[in-house]
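Letter by letter, the chains look like this.
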Amino acid sequence: MPPKCQAHSTPPECRVPQVPLLRPGKSLTIFCRLFLTVLLASSLSTAQTADQAWLRYPGYHGRTVIPLKARALGHGSLEQSAAQELQRGITGLAGASSCISNSAINGETIVGTAEEVHKAYPELAVPNDLEPEGYWLDWAESKGHALLVVAGGDQRGVLYGVFALLRRLATDQDVTHLNLRSHPAMPIRWVDEWDNPDGSIERDYAGRSIFFEGGQVRQDLAPVAEYARLLASIGINGCNVNNVNAAPQLLDADHLKQLARIANTMRPWGVRLALSVDIASPQKIGGLSTYDPLDPGVQSWWAAKAAEIYALIPDFAGFTVKADSEGQPGPSSFGRTSADAANTLAAALAPHGGVVLYRAFVYNHHLDWHDPKADRARAAYDIFHPLDGKFAANVVVQTKEGPIDFQAREPVSPLFAGLEQTSQAMELQVTQEYTGQQRHLVYLAPMWKQVLDFDLRADGRSTPVKEIIAGKTFHRPLGGNPGSPRTGPRPWGGNPGSPRTGPRPWGGGMVAVAGVGRDAWLGSPLALANLYAFGRLAWDPNLSAEEIAGEWTRQTISSDPEVVRTVVKMLMQSWPAYENYTGPLGMQTLTDITGSHYGPNIESSENNGWGQWHRADHLGVGMDRTVATGTGYAGQYPPEVAKLYESLSTCPDELLLFFHHVPYTYRLHSGKTVIQHIYDSHYEGAEQAAQFARDWATLEGRIDQTLYQQVRDRLVYQAGHAIVWRDAIVQYFLKLSGIPDEKGRAGHYPGRLEAEDARLTGYKVIDVTPWEDASGGKAVSCDQPQVPPEALASPIVPGNLTSCTAEWTWSGAPGRYNIAVQYFDPAGGGAAFSLVLNHQGVDSWAAGANLPSTRPSGDNSTRHITPNVSLKPGDTLEVRGIPSGSNHAVLDYIEITPAAAVP
Ligand code: GCW
């Protein structure tokens, strides 16, 4: 047996194995244990770096030694990045290894394209048919030295091969037996950023843009380089940097030069720049009198613009288009179709190898809500299906995963099966617009997996969505028609300069709206698991959400098995929990859809043209989308799936109310009535959220303390906000249906003392809108003269004249209790609160968490818990609130529960 190195011990002898000439399945026989430190963590500084995400290289605990020296065989910039990353990664991973100086690992890791490897080492059996962007890893020996070979189908493949190797090491996988060959499932793997030139970001929850500020591209593009590195590590090859609600000025000559700097910064990491364009640009910035896509002047304008772009950015990826949607201009203004518009842009890009990602998110947001047949969910299919076959070869129709808009639960968009002669991409959202905005832990990979794996049964055969968007199902080569020679110019999928004659990959792909910003990429540490998972699934949609969660946790947090087990469990349960407490049975997220998209606001979906209706009334709930009696949406699916959804008896419970309108007493497959399911799932979801905080608490001391604290604070907040959601939806449906909760919870809150029932000094009772966002619909507001914000920094003195007071007398049993204070923390000021027992302060805290909405609502209803307070009958409890700005220290209730019952 070969000796093994021990942690921090004197290096035992390690020996180089006799490695046979490279053949699949042969392996290095040297074993040694490397114990490593987080070397690169020393680079942690205030700068925004990839280490803050998953590229930490935290130390290798696997068994196999790999050579410490890395060498690129070629001179291309991607290969240089690959070799540098490898060196950096190995150095980090091997930091504390007792094997470092041992001659046994004196071989090298060589990186290069398959062609380069073959040229340098003709004796090695490197596969000569590696796919574009694919790689092959294996051990070999040359002149008595161990060689670890990373061979790429092209330069990008080299880069991805290096990251694959580092990932295996960073997740402690044994690399003794490599012989690993992989290539991406689909050529388009892009992130879309919705950044505006002024530096703001649409639907972003992580600070300001890393790309723009004050109308210009930022001088400091260091975070962009780090971002591109992160993207490369998960195989992402394109980045669209501006909002799909596109600012036309980005296409002017000056801005294009600035954008070229971004492209140059991302290029060494194989990430190509793409831009969103306003279809009206020829008129808005080009001085033309029209933007009609069939106007020859307009077509020439786009052709000239494309040429100008490619002169500055030779590997420019292409355009993303949002047109005729939510107020954006579009071809319909000229009686033209989406295909007309897409093809005009495609013709301009085609000579240069660019693609058009034309979004199918086209719908009328002025729908007539009185019309029972009107249905926003139908729009994408109704508009795009008839255009199938009319799109140019380098157009990809980009469709959101569901027919509405990134809700916590939707069925798969039927359009994926409705375009057989068109390349397609699926759009997902990493930024958690409707799924808790990064304040809630929601790991989205399980949801994406359900979509990717869903079998649409197009043409009566197995057609999972992941194969449709990879171009496999309908044989969609990107940039060419089925049946055309597979050797012509390849607009996408190869590197500039790489041979353009290899097999052409099937086209299509996945695009994620990422929303990264300057606040630690996604603003919340655990939210980064979503970005990571997106890249991994775009590379290989057959990976499981759970294994991706494990990979990410090991690289980002710790490889301590207990930590991995706990974090993976939390991640995997987080989406079902969120769905449970926000909107079950396919009702969609019951949020404020015309405002923040964050807190509960059930009626906001109704009686407006946006079309996210759930049609709840006192008798029943759900949107009838059947062919027989409803909007006919169910009929847009291929027959087998249409049949499944059409019938109440086969429609899955989780989508029941998306497809059917039923009475509250309707029994689900689970045996529960709809109303009881609404009650139960909300209590269950809120309890799951509370459990996340308890689970995380078990990790204290096992993980980085700063990370521990940051995540803990968020989870405690989430547990409180899940209760806001629970209570809003439960009390709303209790009132609407009039049907009590079998378990007696709805409308009964043990230990809850309403603020409006307290003895009030200064506070005035107000109605909260929507009513369901406050317990009993009411709260108390302190509208008297306010203190300047700076005064809030000092501790609140009981009896402070500027405070308002709500006071109760405790009449329960003596004992120790947790006291939850539920208050509203609207944006625009930072109020302060104190909890006072028998005229003695026991706790004080500041509000000002920067939550959505400037008025008290479920967006900003917040819970503060003071644990373990000793109470006896007759005690006086007060909450004192000091308002500031538009934050009127609005108080909803206090809730007193036995200390043992709540964590
Ligand atoms: O869901 C909506 C978002 C908009 C977004 C739009 C889209 C960029 O609320 O902010 O606009 O989707 O996807 O185009």
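No experiment lies behind these values; they were computed from the predicted model shown. (Residues numbered from 1 in each chain as written. Predicted model: local features only at pLDDT ≥ 70, side-chain atom pairs only at ≥ 80, totals over all residues. Heavy atoms only, no water.)

## So, the nonpolar core
Working step 1: Counting 202 residues, the largest nonpolar core has Tyr-227, Trp-696 and Phe-733 as the members making the most contacts within it.
Working step 2: When residues in this core are grouped by element, the largest group, eleven residues, is from helix H19 (residues 705-737).
Working step 3: Not counting residues up to four positions away in its chain, the partners in contact with Trp-696 are Leu-526, Ile-557, Val-567, Met-570, Ile-703, Leu-707, Tyr-708, Val-711, Arg-712 and Leu-715.
Working step 4: Within the second largest apolar cluster, 27 residues are counted, among which are Trp-808, Tyr-817, Ile-819 and Val-879. (Core = buried A, V, L, I, M, F, W, Y, C linked by side-chain atoms within 4.5 Å. Buried < 20%, exposed > 50% of the residue type's maximum accessible area, 1.4 Å probe, protein only. Helix = DSSP H or I, 4+ residues; strand = E, 2+ residues; numbered from the N terminus. Contact = heavy atoms within 4.5 Å.)

## Regarding the site of the ligand
Working step 1: Not every one of the 14 residues close to the ligand is listed here, only the nearest: Glu-202, Arg-359, Lys-400, Asp-405 and Glu-433.
Working step 2: Note that an oxygen atom of the ligand is positioned 2.9 Å from one of the side-chain N or O atoms of Arg-203.
Working step 3: In isolation the ligand offers 340 Å² of accessible surface; the protein chains occlude 97% of this area.
Working step 4: Residues of the shell around the ligand, tallied by class, amount to three nonpolar, three polar and eight charged. (Near = heavy atom within 4 Å. Polar contact = N/O pair within 3.5 Å; in protein donor to acceptor, adjacent residues only side chain to side chain. Areas by Shrake-Rupley, 256 points an atom, 1.4 Å probe, with all protein chains shown as cover. Nonpolar A, V, L, I, M, F, W, Y, C, P; charged D, E, K, R; others polar.)

## What to know about the sheet that holds strand E2 (residues 108-113)
Working step 1: Taken in spatial order, the five strands of this open sheet run E1-E2-E4-E3-E5, and their pairing is mixed. A strand with exactly one partner marks an edge of an open sheet, and here the two such strands are strand E1 (69-72) and strand E5 (180-182). Taking the axes of each pair of neighbouring strands and ignoring which way they run, one obtains an average angle of 25° across the sheet.
Working step 2: As defined by bridge partners, E2 adjoins strand E4 (residues 145-152) across six bridges and the pair is classed as parallel. The residue of E4 that forms the bridge with Glu-108 is Leu-147. (Pairing = 2+ DSSP bridges. Axes fitted to C-alpha atoms, helices over the stretch in contact; angles between N-to-C directions.)

## Topic: the state of the cysteines
Working step 1: Scanning all chains against the criterion turns up one disulfide.
Working step 2: Between the sulfur of Cys-782 and that of Cys-804 lies a disulfide, 2.0 Å long from S to S. Since a negative S-S torsion denotes a left-handed disulfide, the Cys-782-Cys-804 link at about 70° is right-handed. Of this pair, Cys-782 sits in the loop between strand E21 (778-781) and strand E22 (804-809) while Cys-804 sits in strand E22, placing them 22 residues apart in sequence.
Working step 3: Exposure remark for Cys-804: the relative accessible area of 0% places this residue in the buried category. (Disulfide = S-S within 2.5 Å.)

## Quick word on the environment of Leu-837
Working step 1: Checked against the element boundaries, Leu-837 lands in strand E24 (residues 832-837).
Working step 2: For Leu-837, a relative accessible area of 12% corresponds to the buried category.
Working step 3: Along the chain, Leu-837 and Val-869 lie 32 residues apart, while their C-alpha atoms are 9.1 Å from each other.
Working step 4: Residues within four places of Leu-837 in sequence aside, it is in contact with Val-842, Val-869, Ser-870, Leu-871, Asp-875, Thr-876 and Leu-877.

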